[in-house]
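Here is what each chain is made of, one letter per residue.
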Amino acid sequence: MNETGSGGLSDLLVLKIGGAAGLPLVAIAQDAARLARPLVVVHGVSGRMKQLAEERGLPERMLVSPSGHHYRHTDEATRALLVEAAAQVNEEIVEQLRAAGIPGESFVEPLALRAKRKRAIRALVEGRPRIIRDDYSGVIQGVTVEGLRSTLAGGRVPVVPPLAASEDGPLNVDGDRAAAAIAAALKAEGLLILSNVRGLYRRYPEESSLVTKMPAARLAEASEWAQGRMKRKVLGAQEALTGGVRWVRIGDGRRERPIAAALAGEGTCFHA
Ligand code: ADP
């Protein structure tokens, strides 16, 4: 590990594993085991949430902000389910890393992120503007880096769920933006976001319109091409680059050796 003067690890990689169902955790863990660099894993939970919500008969409700961002309406019952889903996915990832020979360490308790609850959310519900007051989503305020750093210093891999601690209990935060905040706080070299697409498409869903390189100065354009949940990945990329991370890549988590492929230049690379 290369310690930098500012307390970071110069070759640290933050890996965000998308939560949508179908990403092969075994292949991702095996590929991670081939990396000779320190690693932090941040994961999503959307696939598991969908499954648990269906099993428990709790409908999933999505809110659309006036700026077009989509997020989960997290009332109290949904929050409880989210905490359960996050713990399950987190444990599975730690288990798959262990099977691949990587000592992973869960950051479910205590949580590594801190956030402030959004008490009044402006959203369009069925096209109409409304104020939502029963939501347990948070705006990320900071990262408690000490625990992450000591895990990394011990040669282990922190595994972080998309939840943040607050005075209102655990809050729902976006996984991509959580990964960006952690990458910036730990002064990571790069952030790799593995998802169920090949990268950012200029004309979604046309795969031939894959964007390969995107300088930070043109991120506003990228944000227009992104729809739905891809918008937050672009926002996360922007936050990470502004926070000093050298590059952010979005790569295809469904393929063989997904990390190696993305690091070799496949997918979309956002750079300073
Ligand atoms: P994850 O669970 O991996 O974080 P999300 O479902 O949150 O993934 O976001 C990825 C999704 O974003 C893709 O499956 C795709 O449906 C959608 N998407 C919207 N616009 C674009 C775009 N311009 N390029 C690529 N994907 C896009």
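Everything discussed here concerns the structure shown above.
Residues numbered from 1 in each chain as written. Predicted model: local features only at pLDDT ≥ 70, side-chain atom pairs only at ≥ 80, totals over all residues. Heavy atoms only, no water.

This part covers the pairing of strand β7 (residues 121–125). By the bridge criterion, five bridges tie β7 to strand β8 (residues 128–132) in an arrangement that is antiparallel. Of the residues in β8, the one forming a bridge with Ala123 is Arg130. (Pairing = 2+ DSSP bridges. Helix = DSSP H or I, 4+ residues; strand = E, 2+ residues; numbered from the N terminus.)

What follows concerns the layout of surface pockets. Roughly 1,100 Å³ of volume is contained in the largest pocket. Along the walls of the largest pocket sit 49 residues, with Asp174, Gly175, Asp176, Arg229 and Arg232 positioned nearest its centre. Elements represented by at least two residues in the lining of the largest pocket include exactly β4 (70–72), β9 (138–143), α5 (175–185) and α7 (230–242). The element best represented in the lining of the largest pocket is α5, accounting for six residues. By residue class, the composition of the lining of the largest pocket is 21 nonpolar, 17 polar and eleven charged. In this model, the second largest pocket occupies a volume close to 220 Å³. Around the second largest pocket sit 16 residues that line it, and Gly19, Ala20, Ala21, Leu25 and Val89 are the ones nearest its centre. Those elements that provide at least two residues to the lining of the second largest pocket are α2 (46–56) and α3 (76–99). (1 Å grid on protein atoms, 1.4 Å probe; cavity = no way out; pocket = protein on both sides within 12 Å on 5 of 7 lines; lining within 4 Å. Points joined across faces, edges and corners; volume = space filled by probe spheres on them. Nonpolar A, V, L, I, M, F, W, Y, C, P; charged D, E, K, R; others polar.)

Side-chain pairing between opposite charges can occur once the charged atoms of the two side chains come close. Applying the stated criterion across every chain, the model contains 21 salt bridges. Residues Arg56 and Glu84 are paired through a salt bridge, measuring 2.7 Å at the closest nitrogen-oxygen approach. Remark: Glu84 occurs in helix α3 and Arg56 occurs in helix α2; sequence separation between them is 28 residues. Accessibility expressed as a relative area gives 31% for Glu84, which makes it partly exposed. Across the pair Arg255 and Glu266 runs a salt bridge, and its minimum N-O distance is 2.8 Å. Here Arg255 is found in the loop between β15 (247–252) and α8 (258–263), whereas its partner Glu266 is found in the loop between α8 and β16 (268–271), with eleven residues between them in sequence. Judged by its relative accessible area of 32%, Arg255 falls in the partly exposed class. (Salt bridge = Lys/Arg side-chain N within 4 Å of Asp/Glu carboxyl O. Buried < 20%, exposed > 50% of the residue type's maximum accessible area, 1.4 Å probe, protein only.)

Within the largest apolar cluster, 47 residues are counted, with the highest numbers of intra-cluster contacts made by Val14, Val40, Ile182, Leu191, Leu200 and Phe270. At the level of elements, β2 (39–43), β6 (113–117), α4 (145–153), α5, β13 (190–195), α6 (219–225), α7 and β15 are the ones that each hand at least two residues to this core. Looking at this core, the element that brings in the most residues is α5, giving six residues. Non-local contacts of Val40, meaning those with residues more than four positions away in its chain, are made with Leu12, Leu13, Val14, Leu15, Leu152, Val157, Pro158, Val160, Ile182 and Leu186. In this structure, Leu15, Ile17, Leu192 and Leu194 belong to the second largest nonpolar core, which totals 33 residues. (Core = buried A, V, L, I, M, F, W, Y, C linked by side-chain atoms within 4.5 Å. Contact = heavy atoms within 4.5 Å.)

Let's shift gears to the site of the ligand. Taken together, 18 residues surround the ligand, and among them Ser195, Asn196, Tyr204, Arg229 and Lys233 come closest. Between the ligand and the protein, one listed contact pairs an oxygen atom with a side-chain N or O atom of Asn196 at 2.8 Å. Between a nitrogen atom of the ligand and a main-chain N or O atom of Trp225, the distance comes to 3.1 Å. Relative to its unbound accessible area of 570 Å², the ligand is 90% covered by the protein chains. Judged by its atoms lying within 2 Å of the grid points, the ligand is housed in the largest pocket. (Near = heavy atom within 4 Å. Polar contact = N/O pair within 3.5 Å; in protein donor to acceptor, adjacent residues only side chain to side chain. Areas by Shrake-Rupley, 256 points an atom, 1.4 Å probe, with all protein chains shown as cover. Sits in = over half its atoms within 2 Å of the grid points.)

Once that is clear, we can look at the packing of aromatic side chains. Scanning all chains against the criterion turns up one aromatic pair. For the ring pair Tyr201 and Tyr204, a centre distance of 6.2 Å and an interplane angle of 10° mean the geometry is stacked. Over the ring of Tyr136 we find Arg79, and its NZ or CZ is 3.8 Å from the ring centre. Stacked on the ring of Tyr71, the Lys or Arg Lys118 has its end atom at 4.8 Å from the ring centre. (Phe/Tyr/Trp six-rings, centres within 6.5 Å; stacked < 30°, edge-to-face > 60°. Lys NZ or Arg CZ within 6 Å of the ring centre and 35° of its normal.)

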